Structures are given as structure tokens and as C-alpha cells.
Amino acid sequence: MRNDANAPLKLGVIGCGWAGQQAVHAAMAIPRIEVIALSDLEPDLIQNTLAAHPTIPCQYGPYQDLLQNADIDAVYLAVNPVMRYSMVLDAIAARKHVMVQKPHAVRADQILEFEAAAEEMGVTLQFCYFMRHFPLNRQIRARIDAGAIGEPYH
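Remember, predicted model here, so these are calculated numbers, not experimental data. (Residues numbered from 1 in each chain as written. Predicted model: local features only at pLDDT ≥ 70, side-chain atom pairs only at ≥ 80, totals over all residues. Heavy atoms only, no water.)

Asker: Would you explain the packing of aromatic side chains in this entry?
Answerer: Think of a pair of aromatic rings as described by two things: how far the centres are apart, and how the planes are tilted against each other in angle. Applying the stated criterion across every chain, the model contains one aromatic pair. Between Y85 and F114, the ring centres sit 5.9 Å apart and the planes meet at 35°, which makes this aromatic pair tilted. Taken together, the residues Y85 in helix α4 (residues 81-93) and F114 in helix α5 (residues 108-121) connect sequence positions 29 residues apart. (Phe/Tyr/Trp six-rings, centres within 6.5 Å; stacked < 30°, edge-to-face > 60°. Helix = DSSP H or I, 4+ residues; strand = E, 2+ residues; numbered from the N terminus.)

In C-alpha cells:
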């Protein structure tokens, strides 16, 4: 983990499909984040991501190989929820901060397990709701807030 609070956060992205590519694109726009590694079992997906961001220096097949990179401070998991469970726990065990795309897990008790593991290892676990900022989703939320479907109760 980083010793210098002013140094960029070094990020590894696991999963290079659409969501992973969006995560890389967003992270590259933030000066305090440096994407240094990608992982996917499909080499073509890694190559597609590198086509748009050729400066990412490290590529891995299995995510476990990415987790062994001591330079990585945090990982973004852009994989489906069924695959995600062991990846979250493995990343936490590797002392990486973890950002998990929603839905966070297959079962609610898994989320509690993630939280307990992160607390025990002293790493940050964050859940991502990036699609809430898409224009259509913002419009829908604004209409609901304005009472278009009545008063929400949940």
C-alpha cells in the first residue's frame, strides 16, 4: 500500500468488458489515479482496452496474478456477481482496497462477509453505483422525485 498520501492511487482493473473499459476510462480522467494493470481471461478484451489506453503497463490473465503485483493499491472488480465473491475476498486478503460494481454480491450475507474481511485487513471496501449518473437514469430519478409515479415508499 502507498506510503505517500500525495502519490497517485495505483489501480488494477479486473474484467475488461464494457464495465471494465468504462472504469479504466473514468480512472484515467482523474489525475490522482493511475491505472497500472488489467486482468481478464479473454486476451481480446484486454487488447480492446489497451487500444483505447495503450499506456497501461501490466496485463494479466488470471486475477490472482494481478493481485500479486505489490505496486497495486486498489482493484476495481468489473466482473459478474457470481464470479465476484472469491475475487473480493482474495483482493482483501492481498491487502488491496476494493471497489465492487453493483450488484455487490449474490447473497446479502456475502456483503457482510466482505465488510468484516475488509475491516480485519484494514482496507477500504467501496461499492460502485456508476450507472446512476447516466443521463437517462438521472432523468428517471428527477421524474420520480417530482412525483411522476406517486410518493415512493422504499
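Let us keep going from here.
Asker: For this particular structure, what's the right way to read the environment of Q68?
Answerer: One can find Q68 in the loop between α3 (63-67) and β4 (74-77). Separated by 26 residues in sequence, Q68 and A94 have C-alpha atoms that sit 7.4 Å apart.

Asker: Please explain the sheet that holds strand β1 (residues 9-14) as it appears in this structure.
Answerer: The strands that make up a sheet pair up through hydrogen bonds in the backbone, lying either parallel or antiparallel. Ordered by their spatial adjacency, six strands build an open sheet running β3-β2-β1-β4-β5-β6, and the pairing between neighbours is parallel. Here the strands that pair on one side only, and so sit at the sheet edges, are β3 (58-60) and β6 (125-128). Each adjacent strand pair in this sheet contributes to an overall mean axis angle of 25°, direction not counted. When strand β2 (residues 33-39) meets β3, the two strands line up parallel, connected through three bridges. By the bridge assignment, S39 is partnered in β3 with Y60. Contacting β1, β4, β5 (97-101) and β6, α4 runs over the sheet at an angle of about 165° to β5. (Pairing = 2+ DSSP bridges. Axes fitted to C-alpha atoms, helices over the stretch in contact; angles between N-to-C directions. Contact = heavy atoms within 4.5 Å.)

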